[in-house]
Each structure stands twice: as C-alpha cells, then as structure tokens.
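Chain and residue survey
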Amino acid sequence: MEKDEYEIISFSAYAYDKHFIEFFNENKNLKEVGKIHSIYSRTINFLDNKDNMYTIGSKNIDNSPFTLRIDNRNISFEDLDLEEGNRLFKIDNSLIIEDKVRIDLESNCILWNPNVEKRRDLNRNLIMENIGYFNDFILKKGSNGGCRYFYLENFLKVKAYTPGLIEKELSRRIEVFLDALEDGNIDEVKINSLIGFGIGLTPSGDDFLTGFLSVLNIISTDYSNKIKRKLINLIDIDKIATTDVSKQMLSITLRGESREYILSFINGFLDEDKKQFLLFLERLLNIGSSSGTDLAVGVVTAFILLTNNFNMEE
Amino acid sequence: MKNTIIRKNAYYDSVTLMSLSSKILDVNGVEEAVVSMATEMNKELLQNVGLATKESDDAGNNDLIIAIKAENENSYDEALRLVEELLSPKNKKKNKGELESPKTIDSALEQMEDANLAVISVPGRYAAREAKKALEKGLHVMMFSDNVTLEEERELKEIGREKGLLVMGPDCGTASINNVGLCFANEVRKGNIGIVGASGTGLQEVMVQIHRLGGGVSQGIGTGGRDLKEEIGGIMMIEGLKALSRDNDTEVIVLISKPPAKSVEKKILEEIKNVDKPVVICFIDGDKEDEKDSKAVFVYRLYEAAKKAVELSGGCREEIEKENNSYIDTKELKKLLKPEQRYFRGLFCGGTLCAEALSILRGSFESVKSNVAKNENEKLENINDYHGNVLLDLGEDEFTVGKPHPMIEPTLRLHRITKEAEDEEVGIILMDFELGYGSHEDPVGVTIKSIKEAKNIANSHGRNLIFVAYICGTDIDKQNYEGQRKMLEQEGVLIAESNIEATNIVIEILS
C-alpha cells in the first residue's frame, strides 16, 4: 500500500476471474464504471452500470466469481474513508475509487479460472468415510448460530447446547426441505422458507443452500441432476428476498459457479487424501463468522442425501 | 412492551449478533430478543413470535433488526442501553482533529514516541512479521497471537535476545510489567517478587496468591507455553531470569512452567547458578529428581510457589499464618450425595488451573480424563460424550473457534453446567472464575442463574449437587472480589481459597 502525491492509496491487483475481465473489456471506453454498494473489513462490493455486483477483496480471502483480490493481506477497507455511493472509474490500466483508492491491474495478475470437472463416478465408501471425519470435526469445531445445531441434532443426535430461536426454526425448515426432496414433493414455498432466513449478512439458510447446490453443480449422476433441475427451476433469483450480497452469492451458485474454498472442499470429499480434506474443511469453516459452518453443513448434507439415494443410480 | 430498532444498511458479523442477542436475553425482564438482517423470512419469524412492529415490517433486506420484548419499560431501556453500548463504538466516526487509532506500529510510535513495548494481537500468520517490526523499532514484544510456527518463534526470540528485548509469547495471555497488567492480569500489590511464567493462568494464580499472602510482585513476565520446548530452548525463560536478576526491585524470583525438555531444564538450572537471588521453581507435574544439585527451591503446586516466594521475600509471615483458616465439613457434605453420585466434573476457563487440578486429582481417583491431558490414558476422546471423572479446559481451541475465550465471555460454560446436572452419576461440579484486566466484568453474575438451574434439575430428580468454586482474583481487582464471592455463597457454592484447595475439597468429598 502506497500513498502517492495526491494522497490516493494505491494497490496492485493480485488475482481476478473471467467475469472481471469481461467487466474490464466492456468498460474499455467508459470512465465511470460503477458505484460502491457496501464496505466491509476485508471486502467492498460495487455495482456496475448494469447493476451487476462485483467484489474487491484483500489477498487473504479466497478466489471467487466476480471477485478481484488485491495484493495486500492486512488492508481493512473500512479504514479507507470510502463511502457507499462512491464512484469507480477505469482510467488506463487502473480502477480508481473517487480520489481515494487506486488499484493497478498489473499484467502479471493471476487469472483464477477453475476447471470445474463434473464428477460422475462416486465412491460411496470414500464419501461415507469423509462424512465420518466431518462428523468428528463438527462436534468439536464450527460456529453456532446457524446450521450447526441442525446437523448435530439431526445427523449426530447430539444436543451440544441450547439453540436460539432462529437456530431451532432453521433446523425445522431444513428438515422440511430435505423431507420434501426425498418424498419428491419439493416446492417453491419450502425452498423459499430457507432463503433469507438466519442471522448474518448472508443468512444461514442461503449459505446452506449455496453449499448444497454447489455439490449438485459438480456431481453429475441421474439422481443429482434430477434434484438440481427441480431446485433451479423453483428458485427465481429475481424474486427472492434476501440481502443483496447473499442474492449475488446464490445467483452465482445457480449459474453453476462457486467460490474457491467450496470447490476445494467438495473435491476433497471425493479424493482419498484425508489431510487435504481436513485442510479444505478448516479453510471453509473460517469463512465469515458462521457462514463457513453453514456452507459446510450444506455441502455435507447434499453428500448424505446422495449417498442415501445411491441405489437410485443403479 | 415490545419494540424494534432498525439500523439502515448496517452489518455486524454473526458472532457479534449472537453475543448481543444472548446479552439482551440476560437482562432481567427481557422475554425474547431477535437480532438479524431484515429479510422477508426473518421478518416472518418476528411475526410468528409476536415481535413484529410496523418498523420491522417496513425494513429492507439490507437493514439490521433488533427486536426486543420486555416485561416493562425499565428492562426494555436496559436492553436498549446494551445495544447502544455494544454496537455503537464499532462504527463511530472520528471527529475532525480527534486522534485516529493507529493502524501500524509506525503510526503507533508517532503517537507515543516513548513507548517501549508492543502487544501483538493479530491473526497468527501475520503476528511474526509484526513482532519483528516491533523488535526492529527497539520495542519489547508481547504476542497474544497464537498459530505462529516454532521456527518463527525461535527466530523472534533470538532477535530479542540479541537486542536485549523481551519476546513474551506467542500465545502469551498474561503479563504484568511494572505493575501494568497486559491482556489477562490481576491487580496485585507492588512488591519484590519477580515471576517468569510459561503459563497464563498459572502466572495469574501465583500473582494472586502472593498478593493474598501479603507479598507483592515486581514483574510478571510471560514467555508463551512453548518456550521450554527443545526447539525454542527456553530462550525467554532464561532472558527473563537474567532481567529479573538485574532488576533492583526484584529480590525473589519464581519460575513457573509445565516440565521443560530435559536439555532446556539443564540450561535453566545452569543459569540459576549465576543468580544471586533466591529462585523458586514450580514445574507442575515435574520430576523430583531434578531438585538434586540445584540451589533453587523446587515446589510443584502454584500455591506452594507463591507461599515459598513470600516467605523468601522476607515479609508478611503474619499473613501466611492466617492461611487456610476456613473450614468445610466435607463429611457432612458427603452425606448429601447418593451412592451413585461418585463422579466430579471440572469446568475450567483457565488452562493451567485445569492442568494443576488433573495433576492433583489423578492420585486419588482410579480414572480422571481431560482434554488437557498429555498421558494417553488420561486423554478425553470426545468432549461431548463422556462419563466418569472429567476435567474440561473450555478455553481450548475445540471450544472457542468462532467464539470468545470463556474468560472474556463465560456464557460458553453455562449450558455445560446444566448438562452435567442431568447426569445422575455427577456429585460435584468444580469451577474457576478469573477476575482482573481482560476478563469478563461479572463472571459470577452471568453464571449464577445456571448454577441455580443445575441445582433445580438435580433436586427435581431427588439429588443434591455440590458446587466447588475458586475465584482467581484479588480484593483490588476491578470486578469486586467480595461481591463475586457473596453471590456464590448465597447459592451455597463452596468457595476455596486456591485452586489446590478447591481440588482437595473434591478429593475429600468423593474419594
């Protein structure tokens, strides 16, 4: 981080994804390219002129669709004197936020372009084994306040603590959602009862669904494809009522994309390296305050559903 | 009455929201509280539980709702005050001309040119770099951060040694430098006893007991728990020892640790030969063989370390003679328990106090399991599913990920207290409460309701449940020691004067 003679704080871009390249290309000849939507400690979000949301984050967040990471781990965007509504400009090879922050798009930036390989052959025993590791882990770690209570209560039959009102209700709603999926009578109401439900900027129900759908984006079996089709048809992203940031997260997932830590955790589930699996799990759990736990519970619940319905593949 | 507070486009992380929610619910007279983003689904929940208001109905997806239902206006106002107190400071914008909190070591030094110590509390992966910067600027360092590699710790301590600077930590929770408490520390009398400790609550317990015995503390230097490992070589214990031997205000030196690596111990004992002040060594679980050929005084319990140090410091024998004058009739207490209530459960916030309790209790019971045990046969396999005699350090990572340490936020322990009460084989619950800088402002106050509830649970099954507690604090700690003690006494909790005494009460009743 450097301050130049005009007191603009300068950063170098470290990594971004294909959506950011599209954004740069589309805005080649435009000077004002967007406005700040929200500011948090490690990220800021901005809306482009078509109201698409993009994220600029510090280096210590993971890669994600529509996200640019700057080459600085310690930055707190909240301390940069930025305000909602501040304008973004693209001038030459830099993104500039008012006269406060400049991000130089260096030519040696990393392009994050994950190869999301569809996985068709599932090793049920391996998945079961990894679910076992996850169970041991979630008993000891993970954040309360969201889906952890549901998982402990329903799958592990453990009452580890007294849940809050929202945790209890969330648990009931997830149960209804899963029962409906199993019984084949899932509908818009049962999915929408999860969306926007829970504490946090990305409500826990949204995180759960994001984790759950991310598995269906990668696993491609008859059963997974069937339930994925149903769910995608039932979620109308333009109508859902949740926070803007969470809407963006769900919208990305419905497009078939996911952030880096979710992808690596799902892939870790399908590979035999236990050490890697636990590392990926730990990284996922560290997202946000309770979001990581909620995402992980969504992922594992999807795997449990798939393994319970393994015979349907035969 | 019920009301909702709406904060437009406001966001707080969910740990803050959960903590706020639990604090509001703890206010007397508050019946229900929900803190969440104002999404349709969350608003629907408010409607279902009767907390919705026109304001909450009108709030948008990106707004924060705080909904409170209270018995009366006073309770509501108290809850509101808490909300303001807990949420306002974070987003408070500085007025022009007001001093900004420094964001870097350089800017901190610009604001305080004569500073000579930096406390580093940043995520582990950045901590070593920041500590190095501080050392380069000539500052002593206290690293509260953990997750620093052994290699980094060694390098930092070597730099410190070369520059004549202390590197306390990583994972150092307690220090008292020139009687200024850093991180978690008790307020104690200034005196002539200097301590170097590789354990947080161990250092606190010795300082507290010195104060209670009428002695005083010159310096309390923390080293971090790994300093006496082979890889680090006890660099800071030795440097701390040297510093105290040069310090004019220090006349007696106390060293506290779990047993060090043999090679490290040898180096420390060698260094003690060069010190012309009395040295008391307390290696919890240490080997008595080590006493041979050393001029240091060896003890194996924290209280003993304090007592010996006060004796050697030449003062306040009168106070020492007053010790242990409390009498608890354990035979009578034993009669209160049913024959099947033969187990105890220790719910500790302080790790070293838990380790010391294990060290004492193992000799009196066939089996004691703990999550701090080093011996394979004593290790607790599952922290949520166990039976028999169990000691839990609730400050361990497995309990605190995503949550504050129980010394800061003791609510983490509350559900455990009531859970243990449901076990018909449990006769005693053993607990510690830490007072002082950094600790919760009212640790007993937030726990007392759960103690009552636990007793009611046991009574409803025709049982009694005995609580034994130790308050690690002094009469000058900010939390009001006497007030904390009184609350426990009123609930019939047995209060010990030291961790060792609390543990011995358990032995007398159950063994």
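Only a predicted model underlies this, so the values are computations on that prediction, with no experimental measurement involved. (Residues numbered from 1 in each chain as written. Chains lettered and ligands numbered in written order. Predicted model: local features only at pLDDT ≥ 70, side-chain atom pairs only at ≥ 80, totals over all residues. Heavy atoms only, no water.)

**Let's talk about the overall build of chain B**
Threshold: Strands here mean DSSP runs of E at least two residues long; helices mean DSSP runs of H or I at least four residues long; both are numbered from the N terminus. Each residue is placed in one exposure class: buried if its accessible area under a 1.4 Å probe, protein chains only, is under 20% of its type's maximum, exposed if it is over 50%, and partly exposed if it falls in between. Note on definitions: a residue-residue contact is assigned when non-hydrogen atoms from the two residues lie within 4.5 Å.
Tallying secondary structure elements over chain B gives 19 helices and 19 strands in all. Taken over 511 residues, chain B has a buried fraction of 55%. Summarising the internal contacts of chain B: among those between residues at least 6 apart in sequence, 71% fall at separations of at least 24.

**Quick notes on the packing of aromatic side chains**
Heads up, the condition is: Here a Phe, Tyr or Trp ring, Trp counted by its six-membered ring, pairs with any other such ring whose centre lies within 6.5 Å, and the pair is stacked when the planes are under 30 degrees apart, edge-to-face when over 60, and tilted otherwise. Placement of a positive charge over a ring is assigned whenever Lys NZ or Arg CZ falls within 6 Å of the ring centre and within 35 degrees of the normal to the ring plane.
Here the structure, examined in full by the defined rule, presents 25 aromatic pairs over all chains. Relative to Phe24(A), the ring of Phe23(A) lies with its centre 5.7 Å away and its plane at 55°, an arrangement referred to as tilted. Each member of the pair, Phe23(A) as well as Phe24(A), is classed as buried. Put simply, the rings of Tyr16(A), Phe20(A), Phe23(A), Phe24(A), Phe46(A), Tyr54(A) and Phe66(A) touch in pairs and so form one group of aromatic residues. We note Lys59(A) situated over the ring of Tyr14(A); from NZ or CZ to the ring centre the distance is 4.4 Å. The ring of Phe433(B) carries the charged tip of Arg413(B) above its face, separated from the ring centre by 4.7 Å.

**With respect to helix 4 (residues 165-183) of chain A**
Residue and element names in this part refer to chain A. What counts here: What a helix is expected to span follows from its residue count: subtract one and scale by 1.5 Å.
Between its terminal C-alpha atoms helix 4 stretches 27 Å, which fits the 27 Å expected from 19 residues at 1.5 Å a residue. The set of residues buried in helix 4 consists of Ile166, Glu167, Glu169, Leu170, Ser171, Arg173, Ile174, Phe177, Leu178, Ala180 and Leu181. Where helix 4 ends, the next residue or the one after it, Gly184, has phi of about 75°, a positive value.

**Describing the pattern of salt bridges**
Applicable threshold: Salt bridge, as used here, is a side-chain nitrogen of Lys or Arg placed within 4 Å of a carboxyl oxygen of Asp or Glu.
Counted by the stated rule, this structure contains 45 salt bridges over all chains. Across the pair Glu239(B) and Lys242(B) runs a salt bridge, and its minimum N-O distance is 3.4 Å. Placement of the pair is Glu239(B) and Lys242(B) together in helix 9 (residues 235-246), with a separation of three residues, close to one helical turn. Of the residues examined, Glu239(B) reaches a relative accessible area of 14% and is grouped as buried. Through salt bridges with shared partners, one network takes in Glu169(A), Arg172(A), Arg173(A) and Glu44(B).

**Looking at the state of the cysteines**
Residues and elements named next belong to chain B. To be explicit about the condition: When two cysteine sulfur atoms are found within 2.5 Å, that pair is recorded as a disulfide.
Using the criterion set out here, one finds zero disulfides over all chains in the structure. Left without a disulfide partner, Cys172 is nearest to the cysteine sulfur of Cys183, which lies 7.1 Å away. Cys172 sits in the buried class, given a relative accessible area of 3%.

**Brief notes about the packing of helix 10 (residues 274-285) of chain A against helix 11 (residues 291-308) of chain A**
Residue and element names in this part refer to chain A. Put simply, the rule is: Only the stretch in contact is used when fitting a helix axis, every axis being a line fitted to C-alpha atoms; angles between N-to-C directions are given from 0 to 180 degrees. What sets the label is the angle itself: under 35 degrees gives roughly parallel, over 145 gives roughly antiparallel, 65 to 115 gives roughly perpendicular, and the rest give oblique. Note on residue categories: nonpolar means Ala, Val, Leu, Ile, Met, Phe, Trp, Tyr, Cys or Pro, charged means Asp, Glu, Lys or Arg, and polar means any other residue, Gly included.
Axis separation between helix 10 and helix 11 bottoms out at 7 Å; the angle between their running directions is 130°. When the axis of helix 10 is compared with that of helix 11, the two are oblique. Here Leu281, Leu284 and Leu285 of helix 10 come into contact with helix 11, specifically with Gly292, Thr293, Leu295 and Ala296. A class-by-class count of the residues in the contact of helix 10 with helix 11 yields five nonpolar, two polar and no charged.

**Considerations on the packing of helix 2 (residues 124-140) of chain A against helix 10 of chain A**
Residues and elements named next belong to chain A. Rules: The crossing is said to be left-handed when, going from far helix to near helix, the turn is anticlockwise and less than a right angle, and right-handed when the turn is clockwise.
Where helix 2 meets helix 10, the closest approach of the two axes is 11 Å, and the angle between their N-to-C directions is 45°. Comparing their axes, helix 10 and helix 2 come out oblique. Crossing handedness for the pair helix 2 and helix 10: right-handed. For the pair formed by helix 2 and helix 10, the contact residues are Asn130, Tyr133, Phe134 and Phe137 on the first element and Lys274, Phe277, Leu278, Leu281, Glu282 and Leu285 on the second. Partitioning the contact of helix 2 with helix 10 into residue classes produces seven nonpolar, one polar and two charged.

**Here's the deal with the nonpolar core**
Residue and element names in this part refer to chain A. Keep this limit in mind: Side-chain atoms within 4.5 Å link the members of a nonpolar core, which is a set of buried Ala, Val, Leu, Ile, Met, Phe, Trp, Tyr and Cys residues.
The biggest cluster of nonpolar side chains holds 102 residues, and the ones touching the most others in it are Phe177 and Phe265. With ten residues, helix 11 is the largest single contributor of residues to this core. Not counting residues within four places of it along the chain, the set of residues in contact with Phe177 comprises Ile186, Lys190, Ile191, Leu194, Phe208, Leu209, Phe212 and Leu231.

**Remarks on unusual backbone geometry**
The omega angle of the peptide bond from Gly169(B) to Pro170(B) is 10°, so this bond is cis rather than trans. With respect to the helices and strands, the residue Pro170(B) is situated in the loop between strand 6 (167-168) and strand 7 (174-177). Phi is positive for Asp51(A), close to 70°, though the residue is something other than glycine. Mapped onto the fold, Asp51(A) is located in the loop between strand 4 (43-48) and strand 5 (53-57). Taking the relative accessible area as the measure of exposure, Asp51(A) reaches 58% and is therefore exposed. The backbone of Asp171(B) shows a phi angle near 60°, a positive value even though the residue is not glycine. With respect to the secondary-structure elements, Asp171(B) resides in the loop between strand 6 and strand 7. With a relative accessible area of 49%, Asp171(B) lands in the partly exposed category.

**Concerning the sheet that holds strand 6 of chain B**
All names here are of chain B. Formally: Any two strands between which DSSP finds at least two bridges are classified as paired.
Spatial ordering of the open sheet is given by 4-5-6, a layout of three strands whose pairing is parallel. Only two strands of the sheet have a single neighbouring strand rather than two, namely strand 4 (117-120) and strand 6. In the sheet, strand 5 (residues 140-143) pairs with strand 6 via two bridges, with the strands oriented parallel. Across the sheet, residue Met142 finds its bridge partner in strand 6, namely Met168. Against the sheet, helix 6 (residues 124-136) engages strand 4, strand 5 and strand 6, with an angle of about 160° to strand 5.

**Concerning the pairing of strand 14 (residues 343-348) of chain B**
Residue and element names in this part refer to chain B. Among the six residues in strand 14, six count as buried, and that is most of the element. Of the pairings in the sheet, the one linking strand 14 to strand 17 (residues 426-434) comprises five bridges and is parallel in character. Within strand 17, the residue paired with Leu347 across the bridge is Met431. By the bridge criterion, four bridges tie strand 14 to strand 16 (residues 389-393) in an arrangement that is parallel. The partner of Arg345 across the bridge, within strand 16, is Val390.

**Brief notes about the confidence of the model for chain A**
The condition that has to hold: Per residue, pLDDT measures the predictor's confidence, with a range of 0 to 100.
Considering every residue of chain A, the mean pLDDT works out to 89; 96% of them sit at 70 or more. Ranking the elements of chain A by mean pLDDT puts strand 1 (residues 2-3) of chain A last, at 46, and helix 6 (residues 204-218) of chain A first, at 96.

**Describing the interface of chain A and chain B**
Note the following rule: We define buried area as the total accessible area lost by two parts upon association, computed with a 1.4 Å probe and summed across both. Polar contact criterion, stated in full: a pair of N or O atoms within 3.5 Å, where within protein one must be able to donate a hydrogen and the other to accept it, and residues adjacent in sequence count only if both atoms are side-chain atoms.
Counting residues at the interface gives 36 residues for chain A, matched by 36 residues for chain B. Carbon and sulfur atoms make up 57% of the surface buried where chain A meets chain B, a total of about 3100 Å² over both sides. Taken together, the connections running from chain A to chain B amount to one salt bridge. One salt bridge in this structure joins Arg173(A) and Glu44(B), with 3.5 Å as the shortest N-O distance. Our enumeration of links across chain A and chain B arrives at six residue pairs in polar contact (both at pLDDT 80 or more). Listed by contribution, the elements that provide at least two residues to the side of chain A that touches chain B are helix 2 and helix 4 of chain A.

**Some thoughts on the confidence of the model for chain B**
Residues and elements named next belong to chain B. Model confidence for chain B is summarised by a mean pLDDT of 88, while 93% of its residues fall at 70 or above. Residue range residues 90-97 is modelled with pLDDT below 50. Its contacts to residues more than four positions away, or to other chains, number six contacts. Low pLDDT, under 50, characterises residues 317-325; the predicted model gives this stretch twelve contacts beyond four residues in sequence or across chains. At the level of chain-chain contacts, confidence expressed as ipTM amounts to 0.70, with global pTM at 0.57.

**Section: a negative patch on the surface**
Residues and elements named next belong to chain A. Our working definition: To count toward a patch, a residue needs a relative accessible area over 30% and no salt bridge; like charges are then connected within 9 Å, while nonpolar side chains (Val, Leu, Ile, Met, Phe, Trp, Tyr) are connected within 5 Å. Each accessible area is a Shrake-Rupley estimate made with a 1.4 Å probe; only the visible protein chains count as cover when residues are assessed. This count recognises Lys and Arg as positive and Asp and Glu as negative, with His and chain-terminal groups excluded. To locate a charge, the coordinates of NZ of Lys, CZ of Arg, CG of Asp or CD of Glu are taken.
There is a patch of like negative charges on the surface, built from Glu175, Asp179, Glu182 and Asp183. Positionally, Glu182 belongs in helix 4. For Glu182, a relative accessible area of 40% translates into the label partly exposed.

**Some remarks on the sheet that holds strand 1 (residues 2-7) of chain B**
All names here are of chain B. Spatial ordering of the open sheet is given by 1-3-2, a layout of three strands whose pairing is antiparallel. Lying at the two open borders of the sheet, with one neighbouring strand each, are strand 1 and strand 2 (30-37). The average angle at which neighbouring strand axes cross in this sheet is 10°, direction not considered.

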